[in-house]
Amino acid sequence: MEFKLPDLPYSKDALEPGISTMTVSIHYDKHHRGYMTKLEKAIADTPESSKSLEELVQSTEGYVFNQAAQVWNHTFYWKSMKPGGGGKPDGALLEALTKAFGNYEDFKQQFAEAARDEFGSGWAWLVKEGDALRILSTSDAENPLQRGLVPLIACDVWEHAYYLDYKNERDQYVERFIDSLLNWDFAQENFR
Ligand code: MN3
């Protein structure tokens, strides 16, 4: 199947001041698009080229998996943020969050810790396992779909996601992600 890099769900300057136009531009145009280009090249004229992106993520390993999962993860990451995001979810999602973590503040702290403490490059996720929510961190391109989990939110903690704006201060980036960018509407869609 033919892949197309999805458009960003907002303009490149829309996440300012949390994430700069420069970071979004490089991250989307160079990194995200770069994974797509490498994936297309790697699977051209192979049986893999007839699979969907989700199928590739769940059935490949090594180089092809890394490119496919990074395409999928980044598309999910862009949707996990919105201008003027943050705040608390409501309804059933808030109930599930409270059940899993005690309260919103404890969720926030645990998510921030998972994002901060992931050693090297990787991702922090809010996922659904059965009916319960949990926080997961993964290395490199690893992805919750591989483990049969339902991702609700992804935070990219590769250095390219924050280094231009926050230098080595990953925790400041993560705090901004949670407090003013996190798209609870998207989490709610995935929670159903
Ligand atoms: Mn990235």
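Residues numbered from 1 in each chain as written. Predicted model: local features only at pLDDT ≥ 70, side-chain atom pairs only at ≥ 80, totals over all residues. Heavy atoms only, no water.

Side note on the sheet that holds strand β1 (residues 122–129)
- Taken in spatial order, the 3 strands make up an open sheet running β2-β1-β3, and their pairing is antiparallel. Looking at the sheet topology across the chains shown, the edges are occupied by β2 (132–139) and β3 (150–156). When the angles between neighbouring strand axes are averaged without regard to direction, this sheet yields 20°.
- As paired strands, β1 and β3 are joined by 6 bridges and run antiparallel to one another. Counted as the bridge partner of W125 is A154 from β3.
- Sheet contacts for helix α5 (residues 104–117): β1, β2 and β3; angle to β1, the most-contacted strand, approximately 140°. (Pairing = 2+ DSSP bridges. Helix = DSSP H or I, 4+ residues; strand = E, 2+ residues; numbered from the N terminus. Axes fitted to C-alpha atoms, helices over the stretch in contact; angles between N-to-C directions. Contact = heavy atoms within 4.5 Å.)

Describing the packing of helix α1 (residues 21–43) against helix α3 (residues 62–79)
- At a minimum axis distance of 9 Å, the contact between α1 and α3 shows a crossing angle of 145°. Helix-helix and strand crossings are classified by hand; for α1 and α3 the assignment is left-handed. Taking contact as the criterion, the partners of V24, H27, Y28, H32, Y35, M36, K38, L39, A42 and I43 in α1 are, on α3, Y63, V64, Q67, A68, Q70, V71, H74, T75, Y77 and W78.
- Partitioning the contact of α1 with α3 into residue classes produces 13 nonpolar, 6 polar and 1 charged. (Left-handed = near helix turned anticlockwise from the far one by under 90°. Nonpolar A, V, L, I, M, F, W, Y, C, P; charged D, E, K, R; others polar.)

Section: the environment of Y162
- Along the chain, the position of Y162 falls in the loop between β3 and α6 (163–166).
- Taking the C-alpha atoms as reference points, Y162 and H27, 135 residues apart in sequence, are found 9.6 Å from one another.

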